[in-house]
Amino acid sequence: MNTPSAACPDIGVWRAWLDREVDAAQLEEHLAQCPGCRGVVALLREDADHVRAAFALLSPGQAGLPSTADAAVARERLEWQRRRSVPELSPLYAQEPIPMFLSRISTPWRIAASAVAAAVVLSILVSVTPEGRALAAGFLAQFRSQQVTAIEVTPQSQTEIMRTLNALGNLGTVNMPGGQTGRPEAAIRNASEQAKTATLAEASQAIGFKLETPDPALLPTGVDKTPRVQVMPSSQIRFTFDKTKASNYLKSTGHEVTVPDKFDGATLVVSIPSAALLQYGNGSSKEALIVGQAGELVVDVEGKVKLDEMRDFLLSLPGLPPTVVNQLKQIKTWNQTLPIPVPVDQMNWQSTNFHGNNQGLLLNDNSGVGSAAIWYESGHMYGVAGSLRADKLKAIAESLAVR
Amino acid sequence: MLNLADAAVSPTAESSATRFDALFQRFYSELFGLVYRVLGDRMETEDTLQETFLKLSDDAGLQARPDPEVGAWLRRVAINLAFNRLRSAKRARARIERVGRLERSDEEPTDSEMLGPAGLLVRHEEQAAVRRALAEVPERQRDCLLLRHSGYSYAEIAMTQGIAIGSVGVLLARAEHAFRTTYRRQTPQ
C-alpha cells in the first residue's frame, strides 16, 4: 500500500504535524506503518522547505525591523496625520524635503526632527526650573542658548514629551509662522520643508555669520567636495495662555490645577534661528555628510507672568516624564544650555570638546552606521552628522573653518 | 482619542489613548515585518502601517476588544492594504522609481558590502520573483502562506483569516504547493 487510505490523516493534519501544531504521538505511530503517508509527508516537507527558503529572501531581518525609537516616531507621525485630517497619507515622503541620499541615515534624522521639537519644549522648561528661579534673581528674563547638554530619553518619554507639547493648544493658542495656529511640532516640520537652496555667501548672510566648511581632504571618498547649501528660515512660535480654556481642559482631564488670573494672556515666545545646511554626497555616493550652522535659540516671556511662575505652571502639566524633568533640574547654567534629547536605545553619547574648549556632544548610532556632533562656539551652533564612524566625524568637525 | 487633547471631550478618553498606545506598541513591529515582506520597501511599509493604525484609531469599539482579536484585525487590514498598494498602478509606478533611487539605501550596509553591486542585483531579482509568485497564489492561500512564513501560529492565522484552526494545515499545504509550482514556472533552472 503506497497511497494513503480513507483512514489516513489528511494532508492538513500532516502539514500541521510538520509545524508541531498537533499532538504527535499517534501520528508518528501511523507514519511508521504507512508508506503512503510517508510519501505525502515527504512532499509536504519539500514544499514547505522550498517556500521557507524563498520567503527568507523577503524578511527585513533583525536589523531591518523598526527599533522602539522608530516606532515612537511612527506613533507621533500617526498622531500628526490624524490631526491634519488630510487625505494624502504620506506628506513627509511625498515632498521629500530631505535629499534621497540621506535615507541611509534617515532614522537618526527623523529622530532629530522630533528631537528639535522636543528640545524647544525642554528649553522652555529648563528656563523655568526651580534652580532657574533662584538664579534668575529678577534680571534674567530670557533664555539664550550658548551650549548644549544631553538629556537621555527613552522612546516612551519622547512620546510623552511630544504629546504634552502638542497638547499645549488646549491651554491657550499656539501661533506659528505665517499667523497660522496649530501644533508647535508642525511649525518646525514646516520650517524644514521651507528650506531653500542658496550659495555659501547667501547662506552666510541669512544666518548672520560666515559659514565654515570642513577640510575637503577629510571628506569621505567618493563624496562631491562641493556641498549643496540650503537655508531654513528663522521662525517664531508664540504660545498665549487662555485661563478659561486651560482651566476647563485641566478639569476635564481630572486634574485640579488652579490657574492664577495673571496667566491669562501671558505669552511664551520661542525664536528659532535661521539655519544653514551643507550637504555632501549625491544620489550615487555611499557616504553622506551634513554640516549645520545656526545662531541662538531664544525663549522670552511677555505679559504679567515671570519665568518662574510660568515654570510652576508648566511643570504641573500632566504627562511629562519625571526622569526627564529631573535631568533638566540638574542643569546648572539653565539659562543658556540647550538640552538635546538623546534616544538612548539608539545612540551612545559622550561629552567632549570641539575647537578647543567648546564643550559639545558626540553621538554615535548603536548600529555603527552613523554619528553626529553638536556644539556651541561664540554663540553659534554647529552640527555635523554623517554615515561615518565617530572618530572620522570628529576629525571633520575639528576641521571646520572659514575658507 | 489618541492624546491628551481629546480628553476634553470625554472623561474616558485618556484611558482610551493609553489603550491605543498599548496596541500600537504591541503590534507595530510585528506588522512591519509582515507588510515589509509584501512590499519590500521601508517607506511604503511605514505608510501602510500608518493607514492601518489610522483605521484602528477611528474605531473605539474595536480597540476595546481583546488583544488577539485586535491583532487579527490589524493583520487582515494591513495585508489587504499592502496588496492593494502593490496593485495600484499609480503607486506601483512611483514605487518602482523610488526603489530604483533607493536601491543602495534600503539595503543593509553589510549586505551591500558583502554582495557587491552584481550580488545585490541578483538578490533584488530573486526577491522580485518570490513576490511575483506570491501574487499569483489565490488570495486566501496567499495570506495563509504569508502569515505562516512570517512566523504566525496556526491559531493566529485561523483568527486572522476567520477559519477553523483545523483548516489551516490544508490551506497552507495547498498554498505552498501552488507557490512552488508558480515559482518554478517563473524561474526555470
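Residues numbered from 1 in each chain as written. Chains lettered and ligands numbered in written order. Predicted model: local features only at pLDDT ≥ 70, side-chain atom pairs only at ≥ 80, totals over all residues. Heavy atoms only, no water.

Enquirer: How should I be thinking about the overall build of chain A in this particular structure?
Expert: The helix and strand tally for chain A stands at 15 helices and 15 strands. Buried positions account for 52% of the 403 residues belonging to chain A. A separation threshold of at least 6 residues defines the contact pool for chain A, and within that pool the share at least 24 residues apart is 71%. Summing over all exposed atoms, chain A offers an accessible surface of approximately 17500 Å²; the carbon and sulfur share of this is 53%. (Helix = DSSP H or I, 4+ residues; strand = E, 2+ residues; numbered from the N terminus. Buried < 20%, exposed > 50% of the residue type's maximum accessible area, 1.4 Å probe, protein only. Contact = heavy atoms within 4.5 Å. Areas by Shrake-Rupley, 256 points an atom, 1.4 Å probe, with all protein chains shown as cover.)

Enquirer: Can you walk me through the pairing of strand 13 (residues 358-365) of chain A in this structure?
Expert: As a general feature of sheets, a regular strand has side chains that alternate between the two faces. Residue and element names in this part refer to chain A. Burial within strand 13 is extensive, with six of its eight residues counted as buried. Bridge count for strand 12 (residues 347-354) against strand 13 is eight bridges, and the pairing is antiparallel. Note that in strand 13 the partner of Asn 353 across the bridge is Gln 359. Following strand 12, the chain reverses through three residues before pairing antiparallel with strand 13; His 355 in that reversal takes a positive phi of roughly 50 degrees. Across five bridges, the pairing between strand 13 and strand 14 (residues 371-377) is antiparallel. Within the sheet, the bridge partner assigned to Gly 360 lies in strand 14 and is Trp 375. (Pairing = 2+ DSSP bridges.)

Enquirer: Can you walk me through the nonpolar core in this structure?
Expert: Buried together is how nonpolar side chains tend to be arranged in soluble globular proteins. Residues Phe55(A), Phe53(B), Leu56(B) and Phe179(B) are the most contacted members of the largest nonpolar core, which totals 55 residues. Looking at this core, the element that brings in the most residues is helix 1 (residues 13-39) of chain B, giving twelve residues. The contact partners of Phe55(A), leaving out residues within four places of it in the chain, are Val130(B), Leu134(B), Leu145(B), Leu146(B), His149(B) and Phe179(B). Counting 32 residues, the second-largest nonpolar core is a separate cluster that includes Val148(A), Val174(A), Val301(A) and Met310(A). (Core = buried A, V, L, I, M, F, W, Y, C linked by side-chain atoms within 4.5 Å.)

Enquirer: I tried to follow helix 11 (residues 200-207) of chain A on my own but got confused; where do I start?
Expert: Residues three or four positions apart in an α-helix share a direction because the helix packs 3.6 residues into each turn. Residue and element names in this part refer to chain A. Buried residues of helix 11: Ala 203, Ser 204 and Ile 207, and no others. Projected onto a plane normal to the axis of helix 11, the buried residues spread over an arc of 105 degrees and lie on a single side. The outward face of helix 11, more than 90 degrees from its buried face, is lined by the exposed residues Ala 201 and Gln 205. On its buried side, helix 11 packs onto strand 4 (196-198), strand 5 (228-232), strand 8 (275-280) and strand 9 (289-294). (Arc of directions from axis to C-beta.)

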